[in-house]
Amino acid sequence: SVKFIIRRKYADILWNIARFQKEMQVTKEFHSVSLWQIKNEMVSPRSKNDKVDPSLMAKLFEAIIYGKPYPGFLLSTMVQRMKTDSGSDAVTPTGARIRTGVIKAWINRNDPKEELSVGLDRGNRSQAYLCGRLFAVLEKLQQEASNNSLNRTIKDAYFASASSKPALVFPKLVRLAQNHLNKVKYPVFYNKLMGEIIDGLNGEFPETLFLKEQGKFIVGYYQQYQSFFE
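Calculation notes
- Residues numbered from 1 in each chain as written.
- Predicted model: local features only at pLDDT ≥ 70, side-chain atom pairs only at ≥ 80, totals over all residues.
- Heavy atoms only, no water.
- Helix = DSSP H or I, 4+ residues; strand = E, 2+ residues; numbered from the N terminus.
- Rg over C-alpha atoms; globule rule 2.2 N^0.38 Å.
- Contact = heavy atoms within 4.5 Å.
- Buried < 20%, exposed > 50% of the residue type's maximum accessible area, 1.4 Å probe, protein only.
- Salt bridge = Lys/Arg side-chain N within 4 Å of Asp/Glu carboxyl O.

Trainee: I'd like a rundown of the overall build of the protein chain, residues and numbers included.
Mentor: What the protein chain contains, in helices and strands, is 10 helices and 0 strands. Helices (α) and strands (β) of the protein chain occur, in sequence order from the N terminus, as α-α-α-α-α-α-α-α-α-α. Its C-alpha radius of gyration of 19 Å places the protein chain within 12% of the 17 Å reference for a compact globule of 230 residues. Each of the three principal axes of the protein chain carries a C-alpha extent, and together these read 65 × 40 × 30 Å. Sequence-distant contacts, at least 24 apart, represent 76% of the contacts inside the protein chain between residues at least 6 apart.

Take a look at the structure:
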């Protein structure tokens, strides 16, 4: 059977595929992303029965080929997966990168006013993006203070709530961080970085982050955390 009939110049199709691949990048090192990888990341790693509706993947395929806006389900699904699976060892580094890339691509294409960069953007003043960056700093500080010996970090306990209700969670996390600063080798580095991010938040955390802002939070978190290894 014929599933798609595409009437478009071949060069235009290649250009749109290249655009899709460019949008999916979240670090300066290029990684191509396939549709089957995206499909795999749309289901829980703990589930053996979850399946992705083929019609949803068809809509994604058409968005890529024709350069159209990405379907709404894509953002909601990936944000939910990142929040729900945040403490799961089954989410591989590649899986986290692909999920974050999908979120970044959706925001940039579907909202022309937004522009999330490839790699950490220290000039991004989005409150949601800054909250994500701060969460990554606090998690790395906790890990270093414990010599990476913890079975559970703040990501396991607070990632979902911090990405939805920052004002409810971050004051507690920042207080906890003061104890961790006394146990790390370079406290000035973390203290300065935390201060710069909090200054960008104008001294207060957002009460609520809605879906797209939660996506920015996730991108900010991922890019900040990856920057520690560059």
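Trainee: Go over helix α7 (residues 154-164) with me, naming the residues and quoting the values.
Mentor: Every buried residue belonging to α7 is among Ile-154, Lys-155, Phe-159, Ala-162, Ser-163 and Ser-164, and all of these are buried. Buried residues in α7 make contact with α4 (72-84), α6 (127-145), α8 (166-181) and α10 (211-227).

Trainee: Give a description of the pattern of salt bridges that names residues and reports values.
Mentor: Scanning the model with the defined rule gives 6 salt bridges in all. In this structure, Arg-109 and Glu-23 form a salt bridge, with 2.9 Å as the shortest nitrogen-oxygen distance. Of the two residues, Arg-109 is situated in helix α5 (residues 93-110) and Glu-23 in helix α1 (residues 10-23); the sequence distance between them amounts to 86 residues. For Glu-23, a relative accessible area of 12% corresponds to the buried category.

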